[in-house]
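Okay, here's what each chain looks like letter by letter:
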Amino acid sequence: MRIVVPIKQVPDLVEELELLPEGTDLDRDLLTFKLNEYDDHAVEEALCLKEAAGAEVVVVGLDEPEIDQSLYTALAKGADRAVKLTGDLEGWIDTHRRVAALASWLASEPFDLVLVGVQAVDDLDGQVPALLGARLGVPHVSVVTRVEPSGDGAALVHQEYSGGLAAELEVRLPAVVGVQAARQAPRYASITRVRQAMQEGSIEEVAATGADEAAGLRVRRLFAPEASGHAEMLEGNVGEVAERILELLRTRGLLKA
Amino acid sequence: MANDVLVVVEEQDGTVTDATRELLGAGRALSGELGGEVLALRLGPGSLAEQLAGADRVLHVEHPALEPYNPEAWEVTVAEVAKERGARVVLMATTTVGMDLGPAVAARLGAPVVCYVVGAAVDGGQLVATAKIYGGKLLAEVEVPGEAAVLVAIGGSFAPASGGSVPEVEPVPAPAALDGLRTAVRQRIEPDRSDVDITAADLLVAVGRGIGDRDNLELVQELADALGAPLASSRPLVDQGWMPKSRQVGKSGLKVKPKAYLMFGISGAPEHIEGMRDAELIVACNTDPNAPIFEVAHFGTTADLFDLVPALVERVG
Ligand SMILES: Cc1cc2nc3c(=O)[nH]c(=O)nc-3n(C[C@H](O)[C@H](O)[C@H](O)COP(=O)(O)OP(=O)(O)OC[C@H]3O[C@@H](n4cnc5c(N)ncnc54)[C@H](O)[C@@H]3O)c2cc1C
Ligand SMILES: Nc1ncnc2c1ncn2[C@@H]1O[C@H](COP(=O)(O)O)[C@@H](O)[C@H]1O
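Residues numbered from 1 in each chain as written. Chains lettered and ligands numbered in written order. Predicted model: local features only at pLDDT ≥ 70, side-chain atom pairs only at ≥ 80, totals over all residues. Heavy atoms only, no water.

Caption draft 1: Inspection of the overall build of chain B at higher detail. Counting secondary structure elements, chain B contains 7 helices and 17 strands. Each of the three principal axes of chain B carries a C-alpha extent, and together these read 65 × 45 × 35 Å. For chain B, buried positions account for 60% of its 317 residues. Of all intrachain contacts in chain B linking residues separated by at least 6 positions in sequence, the fraction that spans at least 24 positions is 62%. Of the roughly 11500 Å² that chain B leaves accessible, carbon and sulfur atoms contribute 47%. (Helix = DSSP H or I, 4+ residues; strand = E, 2+ residues; numbered from the N terminus. Buried < 20%, exposed > 50% of the residue type's maximum accessible area, 1.4 Å probe, protein only. Contact = heavy atoms within 4.5 Å. Areas by Shrake-Rupley, 256 points an atom, 1.4 Å probe, with all protein chains shown as cover.)

Caption draft 2: Main features of the interface of chain B and chain A. Opposite the 82 residues of chain B that make contact, chain A presents 86 residues. Summed over the three residues of chain B that lose the most area to chain A, namely Tyr134, Glu141 and Arg182 of chain B, the buried surface amounts to 11% of that side. On inspection of chain B and its partner chain A, the count reaches 10 salt bridges. Note that Glu141 of chain B is salt-bridged to Arg220 of chain A, the shortest N-O span being 3.5 Å. Viewed at the interface, chain A and chain B are joined by 32 residue pairs in polar contact (both at pLDDT 80 or more). Looking at the side of chain B that touches chain A residue by residue, the classes come out as 43 nonpolar, 16 polar and 23 charged. (Buried area = accessible area lost by both parts, 1.4 Å probe. Salt bridge = Lys/Arg side-chain N within 4 Å of Asp/Glu carboxyl O. Polar contact = N/O pair within 3.5 Å; in protein donor to acceptor, adjacent residues only side chain to side chain. Nonpolar A, V, L, I, M, F, W, Y, C, P; charged D, E, K, R; others polar.)

Caption draft 3: Summary view of the domain arrangement of chain B. Residue and element names in this part refer to chain B. We note that the domain assignment places domain 1 (5-179) and domain 2 (198-316) within chain B. Computed over C-alpha atoms, the centres of domain 1 and domain 2 are 32 Å apart. Counting from both sides, the interface comprises 11 residues of domain 1 and, opposite them, 11 residues of domain 2. With both chains or domains summed, domain 1 and domain 2 bury close to 740 Å², and 54% of this area falls on carbon and sulfur atoms. (Domains from an automatic or database assignment.)

Caption draft 4: Focus on the packing of helix α2 (residues 67-77) of chain A against helix α5 (residues 191-199) of chain A. All names here are of chain A. Contact geometry of α2 with α5 gives a least axis separation of 8 Å together with a crossing angle of 105°. Considered as vectors, α2 and α5 are oriented roughly perpendicular to each other. Contact residues: Gln69, Tyr72, Thr73, Leu75 and Ala76 in α2; Arg193, Val194, Ala197 and Met198 in α5. Each residue belonging to the contact of α2 with α5 can be placed in one class, and the counts come to 6 nonpolar, 2 polar and 1 charged. (Axes fitted to C-alpha atoms, helices over the stretch in contact; angles between N-to-C directions. Parallel < 35°, antiparallel > 145°, perpendicular 65-115°, else oblique.)

Caption draft 5: How the structure looks around the site of ligand 2. All names here are of chain A. Lining the immediate environment of ligand 2, one finds 20 residues, of which Pro6, Asp39, Ala120, Asp123 and Val128 sit closest. Within the side chain of Asn36, one N or O atom sits 2.6 Å away from an oxygen atom of ligand 2. Here a nitrogen atom of ligand 2 sits 3.4 Å away from a polar atom, N or O, in the main chain of Leu62. The protein chains hide 100% of the 470 Å² of surface that ligand 2 would expose on its own. Mapped onto the shell around ligand 2, the elements with two or more residues apiece are β1 (2-7), β4 (56-62), α3 (95-106) and β6 (113-117). Per-class residue counts for the shell around ligand 2 are 8 nonpolar, 7 polar and 5 charged. (Near = heavy atom within 4 Å.)

Caption draft 6: Geometry of the site of ligand 1. As a structural note, the neighbourhood of ligand 1 is formed by 30 residues, with Ser234, Ser252, Ser267, Glu271 and Asn286 of chain B the closest of them. One chain alone does not account for the residues near ligand 1; they come from chains A and B. At 3.2 Å, a backbone N or O of Gly265 of chain B approaches an oxygen atom of ligand 1. In the environment of ligand 1, an oxygen atom lies 2.6 Å from a nitrogen or oxygen atom belonging to the side chain of Asn286 of chain B. For ligand 1, whose unbound accessible area comes to 980 Å², protein coverage reaches 89%. Counting only elements with at least two residues in the shell around ligand 1, the list comes to α1 (37-53) of chain A together with α5 (235-239), α6 (270-273) and α7 (305-316) of chain B. Residue composition of the shell around ligand 1, grouped by class: 9 nonpolar, 14 polar and 7 charged.

Structural data, given as structure tokens:
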């Protein structure tokens, strides 16, 4: 079985997000990027599959900020190959362009499964799993928490719905799966292992093609949600804030004492 | 080319979801500007027409592959109906269905798609959508050109359709492609109901990734115990294996509506908000003054949870 895991860097949302003067994109120079958390789960699920049933795991990323670190980390965790798609990829690349680049590379890479993160926080025009599946002409299932091979040429996946409901689906391979969470918490790679992977210098670079198809959306402006519904902020020291909170509960009869 | 708005209907146990009724509301407003009809697209047994007031017509497709939900079957059907009718806008909710189908149907129609939509309008003949990005920290206003578009809307963003009579039902034949699917539903998996029922509590203490470490959970558990409230959490703690799934609040967890919801170290991503926005009192503790949760909470504090929680425990005794 051959599993491809596309991974992506996203801005760390704990940091302040500053807009460029035009107001249609973030000031990317000020951002810290980190691996999209769902991609960490997709890598984990791929490695679990490899351990349980044997598989070759290939991670692939577009040449976006700090992607090398994440590709090396995936190698350190046990991925077999890491590929970086390079080219003119400055700024905010919309999902359609990303998918076009990934799809044209995948056309020359046979695969049984593509495990992508269920979504990334930074895009507007939809989620990669469905676009990629539609584009490659293979079935896709998103919001998945477990993937297992089932007999020949198929996989069993758990898809989640609201209210804690889920279903087990059987999908014929090749297929694209959007991973919400791996069957277990993503593993860590020690710094020593990541350094070792770096020294082995094993990222393959491939020129991206096809990344010129745009989503067809035009961003008028980005803006912070208006403060209309903003919470009343509790002022004072921690003791005073604690008192206020307990008072709120007391007046609603929710404090026993 | 028609100017119709096509709404993909979702139901649970025979009841049309609130999100669907909101899409019908959004559809009514859009069709007022576009001049077409609002078509509710129901896939599965029973048209549910009596619950779909707000639609001008229910397009009803029945086929064994459509129930229970099968992503491939729904994708083929929604795309075919949208194409055949020349729908101007296809509306879906940000559920598993919307995430599976929205971008895929758009790809099949060659149309643009916007996800996490919280607003939509027609401005000088141009469809304009507003969507949440960066986990709700920012909104984007985007022009959506073209002859068709798919919008995937967040629950709670539009007023539900109100009033109106039971729409007429138009049976639509199932696409032939439903007989050769590569995806099959093997079994439904019910949630584990052996744990406490967080949906039944008047008071909930909820914790998120701000807790940092599994060992620190003891701290908030102590507060929850002192208040006699169950401990709930955001999704990442469940995915880490730190909290049971039965305690997860949100889109893919449980919807709660307690009298008070005290939250510590939760950012307020749209998926979490979906599960708790109807709590009567929401008090949020988050060190980031720009955390989106403060748009939803009634009271907030930027105190550090590692200071505030012990201070609360001390005072509750
Ligand atoms: C299909 C889908 C379904 C999902 N379903 C759900 C769901 O059901 N429920 C859910 O919760 N999520 C769900 N998510 C995930 C959701 O998108 C967010 O990733 C998640 O809600 C974030 O959890 P969080 O707020 O705990 O973590 P983060 O977003 O990481 O936020 C942590 C917060 O803690 C604050 N903080 C840090 N340290 C401190 C401190 N010392 N004191 C106070 N505050 C501190 C930070 O400022 C930050 O705002 C879903 C995602 C997808 C794609
Ligand atoms: N530039 C990219 N390079 C590699 N993988 C990507 C890229 N963009 C998106 N992906 C994959 O698609 C998933 C969903 O992203 P998105 O649909 O953009 O929200 C991510 O979690 C990645 O697995």
